[in-house]
Amino acid sequence: MIRRMSKFIDRVVLHVRAGKGGHGCASVHREKFKPLGGPDGGNGGNGGDVILEVDPNVHTLLDFHFHPHAKAGNGKPGEGGNRDGKMGADLLLKVPDGTVVLSTDGEVLVDLIGAGNRFIVAKGGRGGLGNAALASKARKAPGFALLGEEGEELDLVLELKSVADVGLVGFPSAGKSSLVSVLSAAKPKIADYPFTTLVPNLGVVASGDTTFTIADVPGLIPGASAGRGLGLDFLRHLERCAVLAHVVDCATLEPGRDPVSDVDALEAELAAYKPALNADAGLGDLADRPRVVILNKTDVPDAEELAEMVAPEFAERGWPVFQISAVSRAGLRPLTFALADLVRRYREEHPKAAPKRPVIRPIAVDETGFTVLTDPEEPGGFIVRGVRPERWVRQTQFDNDEAVGYLADRLARLGVEDQLVKMGAEPGAPVTIGDVTFEWEPQISAGIDMVPTGRGTDVRLEQSNRTSAAERKHASRVRRGLVDEEE
C-alpha cells in the first residue's frame, strides 16, 4: 500500500468567483376571463458569496494548493406567477487560524485570527427585479425586467502565519525540534543532519497557571531575510510571537562558528525582516520582541564549558540565559517557568483588541452618488462614475427600448442629465457609464415616466430613431447632390 505524505503549504494564490445574480422575469398574468391580469414576473435570486472561515481543525493551506479555483452558486432567474428565483449557495472555505488574506499587490485585506472568524472575500451579484416590482402608476405593465449582476471575481494571496507565543530560532541542527518535543507533546522529525525540519512545528506547553504555544521555525541561516535557504519562507511564522528564543548549539564542530557569532548573525536577519502585517497590527518589528538565549547540548563536556564561558556576554545584553540539554532534560524546568512569565507579561502589556464593530455613517443630504468627469481619451466625451449608475447600466436590456427609456429616467432623476448640461456637454457627445458608451441626446425628455406605446417600446426612443433616420437620409441626398446642405 502506498501512502501519500501530507504536505505543509503556508502560501497559495486563490482564484475566487462569486455567483451571478439571476435575471428578473417579464411576465403578465394570463387567466380566462381576466385579460388584464397585470405583471407577475418574479425577481432573480442573488448570487452566492465566497466566505473564508477560521477552523481550528485545519492546519495548512494544502487544499487550496491542489484546488486553487473557488466558485459560489449562481442565483436562479425569476418566474411568472410572482415566483422569485432561488438564491445562489454561498461557498464556505475553511482556513487555519492565523491566515492573512492579501491582494495580488500585497495589500493586507484581513487577518483571520480566532475560531469562527469570517470574511467575505467575494460578494455575489444582485438578482434583477422582475416587472412586478417595476410596476408604477405610469408603467402599469412593464414589458421588461432587470438583468442579474455578475459576481465579484478576483485573485487573492493566502498566507499562514503561525499563532505561537514563543518562537525558537537558531541554526540548523541546533536542537529546536528536540526542545519542542520535550517541552510539549509534539512529535517533530528529529535527525542529525541540517534542514531536517522543513515545516514549522507547534507545541502546547503548560507551566503553572499559564499555557502557551511554542513554535520551531526551520531554515534560519545568514541571508535568510533575503531569501537564502528556507528562512524567507518561514520567517513570517515569527511575526505573532511574543518571545523569541535563540537556541544555540554549543557542541558544533563547524569551523568559524561560535555561540556569540551565531546569535549575532540571526539577530541581523531578524532586524532586516520587515513584515507589513506587524505595522498594521501594532506588533512592531521582530527586533523589538523580548529575547531569551538557550545554550543547548550542555550534556557534552566541551559544550558545557563553552556555555559557561559565553553566558556572561549574553547576560550583559539584558537577555535571560539558560543552559539546558534537550537529551538529559537538564535545566528545562527553570526555562519553562521563565518563558511562561515572559508570555504572561507580554499578554498583559498587549491585550487583544476588541473586535471592530461596523460603523454606519448616514449619507449626506446633498450626496449625489455619482461623479461626471471629462474623458481624457475622447474629445468632448464624459465619464460617469458611481455605484448606482454603473449598476443600473449592467442591469439594463439594451435590446429593449422600454428598458433603455427606464434607464434614462433613472439617470435623469439622479441628476446625471443636469450635471452633463452644467459641464457643457453637446448633443451627440459620447458618455461612458461602466462598459457602455452612448451618444447623449438631451432632446429626449428623460426623467418623466411616459406611458409606453406598447410592451417593450418607448415613444421617446422611437422619435429619436426616426429623427436619426431622417438626418441620415438627408446627409445621403446632400452627398449625391440632390439637395443643398442648408435645405
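Residues numbered from 1 in each chain as written. Predicted model: local features only at pLDDT ≥ 70, side-chain atom pairs only at ≥ 80, totals over all residues. Heavy atoms only, no water.

(A) Geometry of helix H3 (residues 176-183). Counting buried positions along H3 gives seven out of eight residues, so the element sits mostly inside the fold. Listed in full, the buried residues belonging to H3 are Lys-176, Ser-177, Leu-179, Val-180, Ser-181, Val-182 and Leu-183. The inward-facing, buried residues of H3 contact strand S9 (166-169), strand S10 (201-207), strand S11 (210-216), strand S12 (243-249), strand S13 (291-296) and helix H8 (332-349). (Buried < 20%, exposed > 50% of the residue type's maximum accessible area, 1.4 Å probe, protein only. Helix = DSSP H or I, 4+ residues; strand = E, 2+ residues; numbered from the N terminus. Contact = heavy atoms within 4.5 Å.)

(B) Structural view of the environment of Ser-162. Mapped onto the fold, Ser-162 is located in the loop between strand S8 (153-160) and S9. Judged by relative accessible area, Ser-162 falls into the buried class, the value being 7%. Taking the C-alpha atoms as reference points, Ser-162 and His-237, 75 residues apart in sequence, are found 4.9 Å from one another.

(C) How the structure looks around the UniProt feature "binding site: Mg(2+)" (unreviewed entry) in the chain. Within this structure's numbering, the places UniProt gives as "binding site: Mg(2+)" (unreviewed entry) are Ser-177 and Thr-197. Structurally, the position occupied by Ser-177 is in helix H3. (UniProt positions renumbered as here; feature names shortened; annotations may be inferred.)

(D) Representation of the environment of Gly-434 within the structure. With respect to the secondary-structure elements, Gly-434 resides in the loop between strand S17 (430-433) and strand S18 (436-439). Residue Gly-434 is classed as partly exposed on the basis of its relative accessible area of 40%. The residues touching Gly-434, leaving out its near neighbours within four places in the chain, are Val-384 and Glu-390.

(E) The arrangement of the sheet that holds S11 in detail. A sheet is described by the order of its strands in space; here six strands give the open sequence S10-S11-S9-S12-S13-S14, paired in mixed fashion. A strand with exactly one partner marks an edge of an open sheet, and here the two such strands are S10 and strand S14 (321-323). Going across the sheet, the axis of each strand differs from the next one's by a mean of 25°, ignoring polarity. Bridge analysis of S10 against S11 gives seven bridges, and the strand direction is antiparallel. Each bridged residue has a counterpart across the sheet, and for Asn-201 the counterpart in S11 is Asp-216. Against the sheet, helix H5 (residues 259-272) engages S9, S12 and S13, with an angle of about 145° to S12. (Pairing = 2+ DSSP bridges. Axes fitted to C-alpha atoms, helices over the stretch in contact; angles between N-to-C directions.)

(F) Seen up close, the nonpolar core. If you look at the biggest cluster of nonpolar residues, it comprises 25 residues, and the most contacted ones within it are Val-166, Leu-168, Leu-179, Val-243, Val-292, Ile-294 and Leu-335. Elements supplying a minimum of two residues to this core: S9, H3, S11, S12, S13 and H8. In this view, Val-166 contacts Phe-212, Thr-213, Ile-214, Ala-215, Cys-241, Val-243, Ala-245, Leu-339 and Val-343; residues no more than four positions away in its chain are not counted. If you look at the next biggest cluster of nonpolar residues, it comprises 21 residues, including Val-50, Leu-61, Ala-72 and Val-101. (Core = buried A, V, L, I, M, F, W, Y, C linked by side-chain atoms within 4.5 Å.)

(G) Summary view of the packing of H5 against helix H7 (residues 301-315). Between H5 and H7, the least distance of the axes is 10 Å, while the angle of their chain directions is 45°. What the angle tells us is that H5 and H7 run oblique. Counting all contacts with H5, which are made through Pro-259, Val-260 and Val-263, the residues of H7 involved are Leu-306, Val-310, Glu-313 and Phe-314. Among the residues forming the contact of H5 with H7, the class breakdown is six nonpolar, no polar and one charged. (Parallel < 35°, antiparallel > 145°, perpendicular 65-115°, else oblique. Nonpolar A, V, L, I, M, F, W, Y, C, P; charged D, E, K, R; others polar.)

(H) Molecular detail of the pattern of salt bridges. Tallied over the entire structure, the rule returns 16 salt bridges. Two residues, Asp-409 and Arg-139, come together in a salt bridge whose shortest N-O distance is 2.9 Å. With Asp-409 in helix H10 (residues 401-414) and Arg-139 in the loop between helix H2 (131-134) and S8, this pair connects stretches of sequence that are 270 residues apart. In this structure Asp-409 comes out as buried when scored by relative accessible area, which is 0%. Under the relative-accessibility criterion, Arg-139 is labelled buried at 2%. For Arg-344, the salt bridge is made with Asp-341, and the minimal N-O distance between the two is 2.8 Å. Of the two residues, Arg-344 and Asp-341 are both situated in helix H8; the distance of three residues between them amounts to about one turn of the helix. According to the relative accessible area criterion, Arg-344 is partly exposed, its value standing at 35%. (Salt bridge = Lys/Arg side-chain N within 4 Å of Asp/Glu carboxyl O.)

(I) Layout of H10. The terminal C-alpha atoms of H10 lie 20 Å apart, and with 14 residues this matches the ideal 20 Å at 1.5 Å per residue to within 8%. Summarising burial for H10: 10 of the 14 residues are buried, a large majority. Where H10 is concerned, the buried positions are Glu-402, Ala-403, Gly-405, Tyr-406, Leu-407, Asp-409, Arg-410, Leu-411, Ala-412 and Leu-414. A distance of 3.0 Å separates the backbone nitrogen of Glu-402 from a side-chain oxygen at the start of H10, and that oxygen is part of Asn-400. Just downstream of H10 lies Gly-415, where phi reads positive at about 110°. (Expected span 1.5 Å × (residues − 1). Polar contact = N/O pair within 3.5 Å; in protein donor to acceptor, adjacent residues only side chain to side chain.)

(J) Geometry of the packing of H3 against H8. Two elements in contact, H3 and H8, have axes separated by 12 Å at closest approach and are oriented at 85°. The angle between H3 and H8 places the two elements in the roughly perpendicular class. Note on element contacts: H8 touches H3 through Leu-332, Leu-335 and Thr-336, opposite Leu-179, Val-182 and Leu-183. Looking at the contact of H3 with H8 residue by residue, the classes come out as five nonpolar, one polar and no charged.

(K) A look at the sheet that holds strand S7 (residues 118-122). With respect to topology, three strands assemble into an open sheet ordered S4-S2-S7, the strand pairing being mixed. Looking along the sheet, the strands with just one partner apiece sit at the ends: strand S4 (91-95) and S7. Adjacent strand axes in the sheet meet at a mean angle of 30° when their direction is disregarded. Bridge analysis of strand S2 (residues 50-54) against S4 gives five bridges, and the strand direction is parallel. When the sheet's bridge partners are listed, Ile-51 is paired in S4 with Leu-92.

(L) Seen up close, the side chain of Glu-159. Relative to the assigned elements, Glu-159 resides in strand S8. Exposure remark for Glu-159: the relative accessible area of 12% places this residue in the buried category. Aside from chain neighbours lying at most four places away, what touches Glu-159 is Asp-10, Arg-11, Leu-61, Gly-98, Thr-99, Val-100, Leu-102 and Arg-236.

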